[in-house]
Amino acid sequence: MTDARNQSFGVERGQIVSDEKQNAAANQFLELLRFNRRSGKGGTYAVCSAHPAVIDAAIQQAVADGSLLHVESTSSQVNQLGGYTGTTPGQFAQWIRSAAEKAGLPADRVLLGGDHLGPFPWRNEKSESALEKAQTLVCDCVAGGYQKIHLDASMGCADDPKSGISEQTIATRAAMLCKAAEDSHGKLRGSTAPLYVIGTEVPAPGGESKEAGAPAVTKADDVHRTLEVFRTAFVEASLQSAWERVIALVVQPGVEFGANSLFEYDRAEAASLSAALSSHAGMVFEAHSTDYQSAEALTQMVEDHFAILKVGPRLTFAYREAILALSAIERELLGKDSTSSVSRVREALEAAMLQNPSYWRSYYQGEEDEVRRDRIYAYSDRCRYYWNQRPVQEEVTRLLGNLQGKEIPLTLISQFLPVEYESIRAGELEASPGKLIRFHIQRVLGMYAEACSVAS
């Protein structure tokens, strides 16, 4: 794959056609948001993941629904240094579009976004250094063809006050990042200018690191003030045109998850927050940390103008559920077969997490047995950072190879994947390992598709 910074944009005919299709996807996205403001129906869910199995399931869901594929990479997953996936924005964009094309999903139905683009990955550095890296990341995302940019400068850096940074500072830094994005777009030809998402009350990426009480819902007055502070910062930076493309505000609707805690959407609690949008034409809310919300809660959020629903850890959580279920099936089938080497996925995953605890240590507290359990099963799903480790990948490959082509008894599927069992009995699903994994992830995606009124 080629880094986007080394590509030539808008010169070759094929690139111009690609830009036109990307523009069509952005226009379709905008129409979804406008429809939501008019009717309280319809919206989009953003798949915030770089896991191949999740992306495969998301593409297949979009193909089945005839809907927009909306995929976002976070600043930790994908950045100019590779992130924890080892992938740059240009590489990520090329991979998603290539995978969609191979699956028969037209380019004009693929929308790419950047999630939490800002200093978050470099928050332990001084602000000048962290923001410089953040600007490079934003530039690379725009150059790679990302159409939607979440400007997130809400995270303090090493030299910022421990008590937190002011809303004015957050807005000024967001404007700085926006300027970098606009400058990057100015070097392209034929592509629609980026769409932006802003906010100060931004839930932490990947859920809370400590178990706590229910988060406070953003107040309506805070919505009005935040938008005015950001508007002023954009105007002072001569970004009036970019301000017209700010489409959504990230707020806290009272939904969150931790290692073992889950806070569901309370419509009554969020009523005044939802009503606050009536003063801001063309604006919707973007809801983060919606991962473990019920189908009813997701539908209510869309109706209340949380027109962009973010989901990420819940999808890799589903992947882990399916993989460990298949591991249990494998052991029942091959445990005493001396000619087969039974995979050790769980053991490899555990070893990788213990070898490098930086991605989970601050998230899990308690007795040793509690932490051991949380490392694999917690809602926070911090094990998602380790699936791309070579020893883990090798064991997953061994698992799928051992099961591929074997007839899996329905009794074992009933025991370990009961929902899939019912679909197999109904003639809707084939009992192959890859399709069982995809189905398990698509069960989650289907809830989001239905809430956003895109399910066929």
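Please read all numbers here as calculations on a predicted model, not as lab measurements.

Q: Requested: an account of the overall build of the protein, with residues and values cited.
A: Each helix and strand in the protein was counted, giving 16 helices and 10 strands. The C-alpha radius of gyration of the protein comes to 22 Å, within 12% of the 23 Å expected for a compact globule of 456 residues. Projecting the C-alpha coordinates of the protein onto the three principal axes gives extents of approximately 70 × 55 × 45 Å. Looking at the protein residue by residue over its 456 residues, the buried ones come to 57%. Excluding contacts between residues fewer than 6 apart, the proportion of contacts in the protein whose partners are at least 24 apart in sequence is 75%. With an accessible surface of roughly 19,200 Å², the protein has 47% of that area assigned to carbon and sulfur atoms. Computing the positive centroid from 45 side-chain charges and the negative centroid from 58, the protein places the two 3 Å apart.

Q: Can you tell me about the pairing of strand β10 (residues 308-311), naming the residues and giving the values?
A: Burial along β10 is two-sided: Ile308 and Lys310 and Leu309 and Val311, pointing in opposite directions, are all buried. Pairing between strand β1 (residues 44-47) and β10: 4 bridges, direction parallel. Its bridge partner being in β10, Ala46 is matched across the sheet by Lys310. The sheet contact formed by strand β9 (residues 284-287) and β10 spans 2 bridges and is parallel. Bridging across to β10, Glu286 finds its partner in Ile308. For the crossover that starts at β9, traverses helix α9 (residues 295-303) and ends in the parallel β10, the hand is right-handed.

Q: If you had to explain the pattern of salt bridges to someone new, which residues and values would you point to?
A: For the structure shown, the criterion picks out 22 salt bridges. The salt bridge involving Glu182 is made with Arg245; its shortest N-O contact spans 2.8 Å. Remark: Arg245 occurs in the loop between α7 (240-243) and β6 (246-250) and Glu182 occurs in helix α5 (residues 167-185); sequence separation between them is 63 residues. Judged by relative accessible area, Glu182 falls into the buried class, the value being 18%. Within this structure, Glu72, Asp115, Lys148, Glu286 and Lys310 form a network of salt bridges that share partners.

Q: Can you lay out empty space enclosed by the protein for me, pointing to particular residues and giving the numbers?
A: Within this structure, the stated rule accounts for 1 cavity of 30 Å³ or more. What the largest cavity holds in volume is close to 50 Å³. As for the largest cavity, its lining consists of Thr200, Glu201, Thr218, Asp222, Val223, Thr226, Leu249, Val250 and Val251. Among the elements of the structure, α6 (220-236) and β6 are those that each provide at least two residues to the lining of the largest cavity. Top contributing element to the lining of the largest cavity by residue count: α6, with 3 residues. A breakdown of the residues in the lining of the largest cavity according to their chemical character gives 4 nonpolar, 3 polar and 2 charged.

Q: Pulling in residues and values, what's your account of the nonpolar core?
A: In globular proteins that are soluble, nonpolar side chains generally tend to be buried together. Leu69, Phe234, Leu309 and Ile441 are the most contacted members of the largest nonpolar core, which totals 121 residues. The leading source of residues in this core is helix α10 (residues 313-334), at 9 residues. In contact with Leu69, not counting residues within four places along its chain, are Ala58, Ile59, Ala62, Ile96, Ala100, Leu105, Arg109, Val110 and Leu111. Leu68, Ala248, Val284 and Ala307 belong to the second-largest nonpolar core, a separate cluster that totals 16 residues.

Cut-offs used in this document
Residues numbered from 1 in each chain as written. Predicted model: local features only at pLDDT ≥ 70, side-chain atom pairs only at ≥ 80, totals over all residues. Heavy atoms only, no water. Helix = DSSP H or I, 4+ residues; strand = E, 2+ residues; numbered from the N terminus. Rg over C-alpha atoms; globule rule 2.2 N^0.38 Å. Buried < 20%, exposed > 50% of the residue type's maximum accessible area, 1.4 Å probe, protein only. Contact = heavy atoms within 4.5 Å. Areas by Shrake-Rupley, 256 points an atom, 1.4 Å probe, with all protein chains shown as cover. Lys, Arg positive; Asp, Glu negative; His and termini not counted. Charge placed at Lys NZ, Arg CZ, Asp CG, Glu CD. Pairing = 2+ DSSP bridges. Right-handed = clockwise from strand over helix to strand, strands pointing away. Salt bridge = Lys/Arg side-chain N within 4 Å of Asp/Glu carboxyl O. 1 Å grid on protein atoms, 1.4 Å probe; cavity = no way out; pocket = protein on both sides within 12 Å on 5 of 7 lines; lining within 4 Å. Points joined across faces, edges and corners; volume = space filled by probe spheres on them. Nonpolar A, V, L, I, M, F, W, Y, C, P; charged D, E, K, R; others polar. Core = buried A, V, L, I, M, F, W, Y, C linked by side-chain atoms within 4.5 Å.

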